[in-house]
Amino acid sequence: MSDHVVLHVKGRVLVGPEEVRDELWVVGGRVTYRRPAAGDVRTVEGWALPGLVDAHCHVGLDQHGAVDEATSEKQALTDRDAGTLLIRDAGSAADTRWIDDREDLPRIIRAGRHIARTRRYIRNYAHEIEPDDLVAYVAREARRGDGWVKLVGDWIDREAGDLTACWPRDAVEAAIAEAHRLGARVTAHCFAEDSLRDLVEAGIDCIEHATGLTEDTIPLFAERGVAIVPTLVNIATFPRLADGGESKFPRWSDHMRRLHERRYDTVRSAYDAGIPVYVGTDAGGTLPHGLVAAEVAELMTAGIPAVDALSATTWGARSWLGRPGLEEGAPADLVVYEADPRADVRVLAAPRRVVMRGHVVG
């Protein structure tokens, strides 16, 4: 669609969970609710949402580490065609800045590269360092990223045979303070219970997975306003991982199964306590891209109401990440569906049209 064509989105435009308009226009790649005086008009009909958000995704990464640009492009296109037009890339060893110049690929908010303890994370993924270097590496990634830094908060300790915290309290306090000084927020991978209190009390902004939340730490998260991104489509793999590690690390395997068994109760308890919950798929490691609709469905299975599960990938998620939705003058990144996704979130799996920067791309 050329730049002089006006796109007319007609039907129901979900500006917010309760704010619904009958139509919008796209002029010069931006949203307007004022009918343009003239132009070559193309009409798209249906239920429009702001482009979906995957707040935990890894473009440029597979199970072995960084991938080439052609593979990264396929990953980004898969997400785009699923309606994901805004990604918080929660750690990648690849340089994906070239994607920013592509009008047809999702916008990416990068957290730089993972920062992990030596030999305490997936090989080829992270900077692997010791606590004395944590502040320096956090400062480096804060400068390289788009306002986020990603720590690995816990991982299997082979000597202990189970998940344990990776960083001492004083190290994370200093590192998070440095990130905040540089204007970046901090998130951390955490499966287990042990690292959560130190990270939250040190001022962390978000926890990924958060399967280790308990009745002791949920109130702390709620009080501090620390968000979680549960990645339930990834947590579904825990039984398979546990089976694979059973003979060598039986304690770890048992722990992973217990975290999996209570996953829905954990997420619902967090939601009930007022903890902000957002959609993330953890695509790009061992999981395929394009799973955003499945993750919304998982949040509903956990007991989160449909509109709030939808907000966790649309209005609420965009506000949390500081990106606009379908306000007047906003970039026209939107997805059009056959039916009202508030009534049936399953329609998210079948976008009718995908619009990026005002162009119909899918």
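The residue numbers shown here count from 1 along each chain, following its written sequence. Given that the model is predicted, a residue must reach a pLDDT of at least 70 before its local features are reported, and side-chain atom pairs must reach 80 or more before they are shown or counted; all residues, however, enter totals for whole chains, interfaces and linings. Derived side-chain values reflect all non-hydrogen atoms in the structure, with water molecules and hydrogen atoms excluded from consideration.

Chemist: Outline the packing of aromatic side chains, supporting the account with residue identities and numerical values.
Modeler: Only the six-membered ring of Trp is used, alongside the rings of Phe and Tyr, when aromatic pairs are assigned; centres must lie within 6.5 Å, and planes under 30 degrees apart are stacked while those over 60 apart are edge-to-face, with the rest tilted. On inspection of all chains with the given rule, the structure shows six aromatic pairs. Pairwise contacts between aromatic rings join Tyr121, Tyr125, Trp155, Phe191 and Phe238 into one cluster. When the ring centre of Tyr33 is taken as reference, the NZ or CZ atom of Arg21 above it lies at 4.1 Å. Between Arg263 and the ring centre of Tyr264, over which it is positioned, the NZ or CZ distance is 4.2 Å. We call a charge positioned above a ring when the Lys NZ or Arg CZ atom is no farther than 6 Å from the ring centre and deviates by at most 35 degrees from the ring normal.

Chemist: Describe the side chain of His127, naming the residues involved and giving the relevant values.
Modeler: Each helix corresponds to a stretch of at least 4 residues labelled H or I by DSSP, and each strand to a stretch of at least 2 residues labelled E; elements are numbered beginning at the N terminus. Among the structural elements, His127 can be located in strand 11 (residues 127-129). Under the scheme applied here, a residue whose accessible area is under 20% of the maximum for its type counts as buried, over 50% as exposed, and between as partly exposed, the area being computed with a 1.4 Å probe on protein chains only. A relative accessible area of 11% places His127 in the buried class. Think of a polar contact as two N or O atoms within 3.5 Å of one another; within protein, one of them needs to be a possible hydrogen donor and the other a possible acceptor, and neighboring residues in sequence only count if both atoms come from side chains. For His127, the side chain forms a polar contact with the side chain of Glu141, separated by 3.1 Å. Filtering out sequence-adjacent residues up to four positions away, His127 remains in contact with Arg113, His114, Ile115, Ala116, Tyr137, Arg140 and Glu141. Between two residues, a contact is recorded if the distance between any of their heavy atoms is within 4.5 Å.

Chemist: So, the environment of Asp22: which residues are in play, and what are the values?
Modeler: With respect to the secondary-structure elements, Asp22 resides in strand 2 (residues 20-27). For the pair Asp22 and Ala48, spaced 26 residues apart in sequence, the C-alpha separation works out to 9.9 Å. When neighbours within four sequence positions are excluded, Asp22 is seen to be in contact with Val9, Lys10, Gly11, Arg12 and Val13. A polar contact is formed between the side chain of Asp22 and the side chain of Arg12, at a distance of 2.3 Å.

Chemist: Residue-level account of a positive patch on the surface, with values.
Modeler: Only residues whose relative accessible area exceeds 30% and that form no salt bridge enter a patch; like-charged residues are grouped when within 9 Å of one another, and nonpolar side chains (Val, Leu, Ile, Met, Phe, Trp, Tyr) when within 5 Å. Note that accessible areas follow from Shrake-Rupley with a 1.4 Å probe, and for residues the cover is restricted to the protein chains shown. What makes a salt bridge here is a side-chain nitrogen of Lys or Arg within 4 Å of a carboxyl oxygen of Asp or Glu, nothing more. In this tally Asp and Glu are treated as negative and Lys and Arg as positive; neither His nor the chain ends contributes. Charge positions come from single atoms, namely NZ of Lys, CZ of Arg, CG of Asp or CD of Glu. On the surface, a cluster of positive charge is made up of Arg119, Arg123, Arg158 and Lys248. By relative accessible area, which is 47% here, Arg158 ends up partly exposed.

Chemist: I'd like a rundown of the sheet that holds strand 8 (residues 84-89), residues and numbers included.
Modeler: By the convention used here, strands pair only if DSSP detects at least 2 bridges between them. Overall, parallel pairing links the three strands, which are arranged 5-8-9 in an open sheet. At either margin of the open sheet sits one strand with a lone partner, and together these are strand 5 (52-57) and strand 9 (107-110). Pairs of neighbouring strands in the sheet enclose a mean axial angle of 20°, with direction left out of account. Where strand 5 and strand 8 come together, four bridges link them in parallel fashion. In the sheet register, Cys57 faces strand 8, and the bridge partner there is Asp89. Think of each axis as a best-fit line through the C-alpha atoms, taken over the contacting stretch in the case of a helix, with angles from 0 to 180 degrees between the N-to-C directions.

Chemist: Help me get a handle on the environment of Thr96, residues and values and all.
Modeler: Tracing the backbone through its elements, the reader meets Thr96 in the loop between strand 8 and strand 9. Given a relative accessible area of 2%, Thr96 falls into the buried group. Spatially, the C-alpha atom of Thr96 lies 9.3 Å from that of Glu73, the residues being 23 residues apart in sequence. If we skip the residues at most four places from it in the chain, Thr96 touches Val59, Gly60, Ile108 and Arg110.

Chemist: Can you explain the side chain of His255? Please cite residues and give values.
Modeler: When you line up the elements, His255 lands in helix 8 (residues 250-261). Under the relative-accessibility criterion, His255 is labelled buried at 6%. Here Asp162 takes part through its side chain, which lies 3.0 Å from a polar atom of the side chain of His255.

Chemist: An account of helix 1 (residues 69-81) is needed here, citing residue identities and associated values.
Modeler: The periodicity of an α-helix, 3.6 residues per turn, causes residues three or four places apart in sequence to face the same way. Multiplying one less than the number of residues by 1.5 Å gives the expected span of a helix. With 13 residues, helix 1 extends 18 Å between its outermost C-alpha atoms, agreeing within 8% with the 18 Å of an ideal straight helix rising 1.5 Å per residue. When we look at burial in helix 1, the residues that qualify are Ser72, Gln75, Ala76, Asp79 and Arg80. Down the axis of helix 1, the buried set is contained in an arc of 135°. They therefore lie on one face. Buried residues in helix 1 make contact with strand 5, strand 6 (61-62), strand 8 and strand 19 (353-356). Immediately downstream of helix 1, the backbone of Gly83 shows phi near 95°, a positive value. Note: the arc covers the axis-to-C-beta directions of the helix.

Chemist: So what about the pairing of strand 16 (residues 206-209)? Which residues, and what values?
Modeler: For strand 15 (residues 185-190) and strand 16, the ladder comprises four bridges, and the chain directions are parallel. Across the sheet, the residue bridging to His189 is Glu208, located in strand 16. For the handedness criterion, the strands are oriented away from the viewer, and a crossover whose path from the first strand over the helix to the second runs clockwise is classed as right-handed. For the crossover from strand 15 across helix 4 (residues 196-201) to strand 16, the handedness is right-handed. Across three bridges, strand 16 lies against strand 17 (residues 227-229) in parallel orientation. Opposite Cys206, over in strand 17, you have Ala227 as the bridge partner. Each parallel crossover has a hand, and for strand 16 linked through helix 5 (residues 218-224) to strand 17 it is right-handed.

Chemist: With reference to specific residues and values, describe the environment of Ile87.
Modeler: Position of Ile87 among the secondary structure elements: in strand 8. With a relative accessible area of 0%, Ile87 lands in the buried category. Spatially, the C-alpha atoms of Ile87 and Pro106 are 6.9 Å apart, while their sequence positions differ by 19 residues. Each residue touching Ile87, except ones within four places of it in the same chain, is listed here: Asp54, Cys57, Val59, Asp79, Pro106, Arg107, Ile108 and Ile109.

In short, shape yes, function no, at least from these values alone.
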